[in-house]
Amino acid sequence: MNPDLQSFVRESLARGLPRPAIREQLLAAGWRAEEVESALAAFAEADFPVPVPRRRPYLSAREAFLYLVLFATLYITAFDLGLVLFACLDRWLPDAAAREHAHRAAVEGIRGGIAGLVIAFPIFLFVATLIGRAVEREPETRGSKVRKWLTYVTLFVAALVIIGDLSFLVQRLLAGELPARVLWKSLVVLGIAGAVFGHYLADLRGEERDGAVRRRRDAWRGWAAAVAVAAAVAVGLVTAGSPRQARLRALDAERVSDLTGIWGQLKRERSGGAPLPATLQELAALPGAPDAEVFTDPETREFYGYRVVDSVTVELCATFATEDSVMGEGGSPVFWRHPGGRHCFTLPVRPRRGPPVTD
C-alpha cells in the first residue's frame, strides 16, 4: 500500500470524516478504485476515536514452504499426466512413419509418467488439505501476497504451456505426423492446462466468496482431479502392461540376448574349424566362452535347450513367458519372434548373409 495513501486515510478517519467522503476525494484526486478500497479496508469500522488497523495477512516460512511444495507438485502432476496421455495416444494411434524405438519410448514414457503421478499427486492433495485447513483458521492469509504471486506465476506457466505445446503440435503436423494424433494431443494440452488455469483464476476472483461455498467447490475439484489421475494411471497400466508383465518381458528379452550370445560363440567356434560342441556345458567350458550365466535361463537357472542338427546348423530352445514380448521393447530382430512357452530356433553357424531360419 502506498504510504501517503495509508497515512491520509488514517488521519482522515482519526478526524471522524465519513468513509464515503474520503473515498470520493481520493477518486477525484486520481487514485484507482481498488487502491482506495484497499486503503479503507485496512482499518476496521469500529466506534473508536483512533483508527483501528485490521490484522494484515502474514505468511510464515512454514506456509511459504507449503505453497512452494503445493505448486511444485502441481507442475509435476500436470506434466506427468500429459506425458502418460501423450504416450498412450502414440500407442493407440500408431504411425507407420515411426520406427520401433518410438514405440519403446512411448512405453517408457507411460511408466515414467505413472511413477511421477503416484508420488507427486498424493503429496499435492496432502499439502492442499493442510493449506485449506490453515486458511479456514486464519481467512486473512488468503490475501497473502506470496500466495497471490505464486498463483499468478502458475497462471503464467499454464499460459506458456498452452502456447508452447500447441506450437509444437502444429510443428509436428507440418512435419507429417498423423492429424488425429495432433488433434487428440492438442485436446489433452488444452484440457490439463485449461483446468489448472481456470481453477486458479476462479480462485483469485472468488476470494470474497462464502467460505462454505468455497470449501464445497474445492472438494468437488479435488475429487475430479483424483478421478482424472486415477483414470490416467489405470489406462497407462493397461496400455504399457502391468509391473508383472513388464518383468516377464524383461526376462524374455534377457533370454533372447543369451541365445544371441550363444549363437555368436558357436559361429566363432565353427569358423575357427573346431567341431560343434555336443552340449552347452561343453561350450561354456571352452576358453573365451561368455560368462556361465549366458548359457542358463535367468529365472530357472537351467541350461537352454541345444541340439546339433548337422555340421553347420544347431537348434537353440528356451521357454518364454509371453508371446513376442521382446518386440516393441527389446528391439530384437524379427527372426527372434516367439510364442509363449517353449520355442526353438534353427540357426546356421556358418557365416552367411541374411537372417537365420526359425521353425
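Nothing here was measured: the structure is a model prediction, and the numbers come from that model. (Residues numbered from 1 in each chain as written. Predicted model: local features only at pLDDT ≥ 70, side-chain atom pairs only at ≥ 80, totals over all residues. Heavy atoms only, no water.)

**Some points on the overall build of the chain**
To keep things clear, this is the line we draw: Helical segments are the DSSP runs of H or I of at least four residues, strand segments are the runs of E of at least two, and each set is numbered from the N terminus. Relative accessible area decides the class of each residue, using a 1.4 Å probe on protein chains only: under 20% of the type maximum gives buried, over 50% gives exposed, and in between gives partly exposed. Calculation of accessible area relied on Shrake-Rupley with a 1.4 Å probe; when residues are assessed, cover is drawn exclusively from the protein chains displayed.
Along its length, the chain carries 10 helices and 5 strands. By the burial criterion, 37% of the 359 residues in the chain qualify as buried. When the accessible surface of the chain is split by element, carbon and sulfur atoms take 61% of a total near 20600 Å².

**Observations concerning the packing of aromatic side chains**
How we decide: Aromatic rings from Phe, Tyr and Trp, with only the six-membered ring used for Trp, were paired whenever their centres fell within 6.5 Å, and each pair was classed as stacked if the ring planes differed by under 30 degrees, edge-to-face if by over 60, and tilted otherwise.
Evaluated as defined, the whole model comprises 4 aromatic pairs. Considering the side-chain rings of Phe-121 and Phe-124, the 6.2 Å spacing of their centres and the 25° angle between planes classify their relative orientation as stacked. Of this pair, Phe-121 and Phe-124 both sit in helix H5 (residues 100-137), 3 residues apart, which is roughly one turn of the helix. A single burial state applies to Phe-121 and to Phe-124, both of which are buried.

**Considerations on the sheet that holds strand S4 (residues 313-320)**
The condition is simple: For two strands to be treated as a pair, DSSP must find no fewer than two bridges joining them. To define axes, lines are fitted to C-alpha atoms, for helices over the stretch in contact only, and angles between the resulting N-to-C directions are given on a 0 to 180 degree scale. Residue contacts are defined here by distance: any two heavy atoms, one from each residue, within 4.5 Å place the two residues in contact.
Read across the open sheet, the 3 strands follow the order S3-S4-S5; overall the sheet is antiparallel. Unpaired on one side and paired on the other, strand S3 (305-310) and strand S5 (341-348) mark the two borders of the sheet. Across the sheet, the axes of successive neighbouring strands diverge by a mean angle of 25°, strand direction being ignored. Judged from the 5 bridges that link them, S3 and S4 form a sheet pairing that is antiparallel. Bridge assignment links Val-308 to a residue of S4, and that residue is Val-314. Its contacts with the sheet place helix H9 (residues 243-271) against S3, S4 and S5, and it is angled at close to 165° to S4.

**Points about the nonpolar core**
Inclusion rule: Working definition of a nonpolar core: buried Ala, Val, Leu, Ile, Met, Phe, Trp, Tyr and Cys residues. They are joined through side-chain atoms within 4.5 Å.
Of all hydrophobic cores here, the largest spans 34 residues; its most connected members are Tyr-67, Leu-70, Phe-71, Ile-131 and Tyr-200. Listing elements by their share of this core, those giving two or more residues are helix H4 (61-92), H5, helix H6 (145-174), helix H7 (179-205) and helix H8 (211-240). Setting aside residues up to four positions removed in sequence, Ile-131 forms contacts with Leu-66, Tyr-67 and Leu-70. One finds Trp-263, Phe-295, Phe-345 and Val-349 within the second-largest nonpolar core, a separate group that totals 20 residues.

**Considering the environment of Ala-253**
Mapped onto the elements, Ala-253 comes out in helix H9. Classification of Ala-253 as partly exposed rests on a relative accessible area of 27%. Taking C-alpha positions, Ala-253 is 9.3 Å from Phe-320, a pair spaced 67 residues apart along the chain.

**Digging into the pattern of salt bridges**
Side chains that differ in sign of charge can pair as their charged atoms come close. Cut-off, in case you're wondering: Put simply, a salt bridge is a Lys or Arg side-chain nitrogen that is within 4 Å of an Asp or Glu carboxyl oxygen.
For the coordinates displayed, the defined rule picks out 11 salt bridges. Note that Arg-111 and Glu-108 form a salt bridge whose closest N and O atoms lie 3.0 Å from each other. Of the two residues, Arg-111 and Glu-108 both sit in helix H5, 3 residues apart, roughly one turn of that helix. Using a relative accessible area of 46% as the deciding quantity, one classes Glu-108 as partly exposed.

**Topic: the packing of H4 against H6**
Using the following cut-off: For this classification, under 35 degrees means roughly parallel, over 145 means roughly antiparallel, 65 to 115 means roughly perpendicular, and everything else is oblique. Two helices that cross are described as forming a left-handed crossing if the nearer one is turned anticlockwise from the farther one by less than a right angle, and a right-handed crossing if clockwise. All amino acids are sorted into three groups, where Ala, Val, Leu, Ile, Met, Phe, Trp, Tyr, Cys and Pro are nonpolar, Asp, Glu, Lys and Arg are charged, and the leftover types, Gly among them, are polar.
H6 packs onto H4 with a crossing angle of 15° between their chain directions and a minimal axis gap of 10 Å. With respect to H6, the element H4 is oriented roughly parallel. Like other packed secondary-structure pairs, H4 and H6 cross with a definite hand, here right-handed. Of the residues in H6, those touching H4 at Tyr-67, Leu-68, Phe-71, Leu-74, Tyr-75 and Phe-86 are Arg-147, Leu-150, Thr-151, Val-153, Thr-154, Val-157 and Leu-169. Among the residues making up the contact of H4 with H6, the classes are represented as 10 nonpolar, 2 polar and 1 charged.

**Notes on the environment of Ala-78**
Relative to the elements of secondary structure, Ala-78 occurs in helix H4. For the pair Ala-78 and Gly-116, spaced 38 residues apart in sequence, the C-alpha to C-alpha distance is 9.9 Å.

**Examining H9**
The following threshold applies: For a helix, the expected span equals 1.5 Å multiplied by the residue count minus one.
With 29 residues, H9 should reach 42 Å at 1.5 Å per residue; the first-to-last C-alpha distance of 42 Å fits that figure. Immediately beyond the C-terminal end of H9, within one or two residues, lies Gly-273, with a positive phi of roughly 95°.

**Comments concerning the pairing of S4**
Among the 8 residues in S4, 7 count as buried, and that is most of the element. Of the strand pairs in this sheet, S4 and S5 are connected by 8 bridges, and their pairing is antiparallel. Considered in S5, the bridge of Val-314 is made with Leu-347.

**Side note on unusual backbone geometry**
A positive phi angle, close to 65°, is found at Arg-301, a residue other than glycine. When you line up the elements, Arg-301 lands in the loop between helix H10 (280-284) and S3.

**What about the packing of helix H1 (residues 3-14) against helix H2 (residues 19-28)?**
Look at H1 against H2: their axes get within 10 Å of each other, and the N-to-C directions meet at 150°. Here H1 runs over H2; the crossing is right-handed. Of H2, the residues touching H1 (which contributes Leu-5, Phe-8, Val-9, Ser-12 and Leu-13) are Arg-19, Ile-22 and Leu-26. Along the lines of polarity and charge, the residues of the contact of H1 with H2 split into 6 nonpolar, 1 polar and 1 charged.

**So, the confidence of the model for the chain**
A low pLDDT means the predicted coordinates there should not be read in detail. In plain terms, the rule: What pLDDT conveys is the predictor's confidence in a given residue, as a value from 0 to 100.
Residues at a pLDDT of 70 or more form 85% of the chain, whose mean pLDDT is 81. Contacts of residues 325-332 to residues separated by more than four positions or lying in other chains number 26 contacts, the stretch itself having pLDDT below 50.

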